[in-house]
Amino acid sequence: MSTNINHKDRKIHRQISLPFSKAFQISMESIRIRFWRSLITASGIFLGIAFFVAVRTGMLFPSAGPASEVVAAENRQLWLSIMALVVCTVGITNAMLMAVTERYKEIGTMKCLGALDSFIVKLFFIESCLLGLIASVLGSLIGWFFVTIIHLLGGEISHMTAIFWLGSLKLIGLSTVLGTFLTFLATIFPAIRAAQMPPAAALRVEI
Amino acid sequence: MASNEYVVRTKGLVKEYTMGDQVLRALNGVDLDIFRGEYISIMGPSGSGKSTLFNAIGGLDKPTTGSVFINDVDMAQLDAQELAYLRCHTIGYIFQTFNLIPVMTALENVTLPTVFAGMSTDDGIERGMELLKIVGLGERFFHKPSELSGGQQQRVAIARALANNPSIVLADEPTGNLDLKTGTEIIHLLKKLNREQGVTVISATHDLKMVDVSDRIVWIRDGRIAKIEERAEIELHIGEMEGEQEELTH
Ligand SMILES: Nc1ncnc2c1ncn2[C@@H]1O[C@H](COP(=O)(O)OP(=O)(O)OP(=O)(O)O)[C@@H](O)[C@H]1O
Ligand SMILES: [Mg+2]
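Residues numbered from 1 in each chain as written. Chains lettered and ligands numbered in written order. Predicted model: local features only at pLDDT ≥ 70, side-chain atom pairs only at ≥ 80, totals over all residues. Heavy atoms only, no water.

Taken together, 15 residues lie near ligand 1, and Ser46, Gly47, Lys50, Ser51 and Thr52 of chain B sit nearest. The environment of ligand 1 is shared, with nearby residues belonging to chains A and B. In this structure, an oxygen atom belonging to ligand 1 sits 3.2 Å away from a main-chain N or O atom of Ser48 of chain B. One nitrogen or oxygen atom from the side chain of Ser51 of chain B is found 2.7 Å from an oxygen atom belonging to ligand 1. Protein chains shield 70% of the accessible area of ligand 1, which is 630 Å² for the free molecule. Counting only elements with at least two residues in the shell around ligand 1, the list comes to strand 1 (6-19), strand 2 (22-35) and helix 1 (50-57) of chain B. When residues of the shell around ligand 1 are assigned to their parent elements, the largest contribution, three residues, is made by helix 1 of chain B. Split by residue class, the shell around ligand 1 holds five nonpolar, seven polar and three charged. (Near = heavy atom within 4 Å. Polar contact = N/O pair within 3.5 Å; in protein donor to acceptor, adjacent residues only side chain to side chain. Areas by Shrake-Rupley, 256 points an atom, 1.4 Å probe, with all protein chains shown as cover. Helix = DSSP H or I, 4+ residues; strand = E, 2+ residues; numbered from the N terminus. Nonpolar A, V, L, I, M, F, W, Y, C, P; charged D, E, K, R; others polar.)

In structure tokens, the structure reads:
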């Protein structure tokens, strides 16, 4: 009897510590096989971050004109960048909430097949970080690129100082982290909620 | 065949759903003992509590009161990990809507439970192919569910349910979305697995074709067991029913 229990414990343990590499593999596969859906989700993140970075990049170029106008313009840009952040957050949350919600049934099914709650959360964690990272890097680079090109064409090449380059680098880096983090946050709460539901409830969700 | 060892026992099972200030009793004191190796059909009108009983026996939902014993283990005593282990190894689930993972191929769907069981990829694939052959889909392993007919999807689901050699297969209206002929094939496949592999089959159903193959039929009504019929008792009217079905098919 005791050997039996030991045997069972060992097997349960093996199941609990389903290797990270396996979860990573399933997540990658999951992004790949629903490529078009992933692309749409990612474009939500991409556009949000690109918009935010574009506004912030514009702020790296000093405004010209009388002092009062400069202050007004800077205030406007600050507002715009806060709005951009809000739009970006809403966009990402919306995309990820949909992406998790439409998979409630899949989550319920996986639990019927013996998946642990933590494994399901792990899957969504990896998926959201990968998706968030790729979309945010691309979004930051492209948002920055377009605004910079427009200013260059406007003859502002003299503003491309070391300060500008340093600011750009910092902006792109921070925005990438921000986008990835927002994607992760927007995914993980609905994923935890779905994973903790009794399978019967998750399976019943219709969208 | 059926032994005298219990594989599933329920005691005073009650399930209440609360909606606002209304309480609905979907199960109202169900005591049911099922022997290892039996083929059981749970029949009853729509809304009588068949799916609710399916969820309780399968550990997919917690009963309000009462207990479910699987192989003499009280399901309420299991922690989350043990429950996942039970779902993985002891019970195989089959649904009316098949519930295959749409983005995965037939083989990947069948292999998934072996991943959760900690089986190596190679062993899992070997097991998956073997099962797909058993259900008669050996050649179509690389197809996505959307490329398969309803009957074929249900065969994949049956193969998936058997992936980790469960002692119980639980089915909720497995023929509900299938036509008469395909439904009959699925029923015979389940019966074959029941006979050859000794797996206990418990199926909630409206489908009178199930009567032919069942060892016992549990009739439920308003969340209670109305009667339990043994195969021997019903053998008499099977002739009539088959007659009716013949007429339907022709
Ligand atoms: N999640 C739920 N919330 C509220 N009520 C529910 C829920 N699930 C089931 N019920 C109610 O419980 C009763 C039994 O439902 P159940 O799904 O078990 O019936 P059933 O016998 O499976 O019916 P059918 O043959 O139509 O599938 C019904 O009155 C139903 O409305
Ligand atoms: Mg039902």
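What follows deals with the side chain of Ser81 of chain A. Residue and element names in this part refer to chain A. As for its placement among the helices and strands, Ser81 is situated in helix 4 (residues 67-101). Here Arg56 takes part through its side chain, which lies 3.3 Å from a polar atom of the side chain of Ser81. For Ser81, the contacting residues outside a window of four places in its chain are Phe52, Val55, Arg56 and Met59. (Contact = heavy atoms within 4.5 Å.)

Quick look at the sheet that holds strand 2 of chain B now. All names here are of chain B. Strand order in the open sheet formed by four strands is 2-1-4-5, and the pairing between neighbours is antiparallel. Each edge of the open sheet carries a strand with a single partner, namely strand 2 and strand 5 (73-74). Pairing of strand 4 (residues 65-70) with strand 5, which is carried by two bridges, proceeds in the antiparallel orientation. Directly across from Ile70, in strand 5, lies its bridge partner Val73. Contacts between helix 1 and the sheet are confined to strand 1, strand 2 and strand 4, with strand 1 contributing the most and set at about 120° to the helix. (Pairing = 2+ DSSP bridges. Axes fitted to C-alpha atoms, helices over the stretch in contact; angles between N-to-C directions.)

Tallying the contact residues gives 27 residues for chain B and 28 residues for chain A. Roughly 2600 Å² is buried in total at the junction of chain B and chain A, and carbon and sulfur atoms are behind 67% of that figure. Ranking the residues of chain B by area buried against chain A places Tyr85, Val103 and Phe116 of chain B at the top, with a combined share of 27%. Run the count over chain B and chain A and you get zero salt bridges. In this assembly, chain B and chain A are joined by one residue pair in polar contact (both at pLDDT 80 or more). (Buried area = accessible area lost by both parts, 1.4 Å probe. Salt bridge = Lys/Arg side-chain N within 4 Å of Asp/Glu carboxyl O.)

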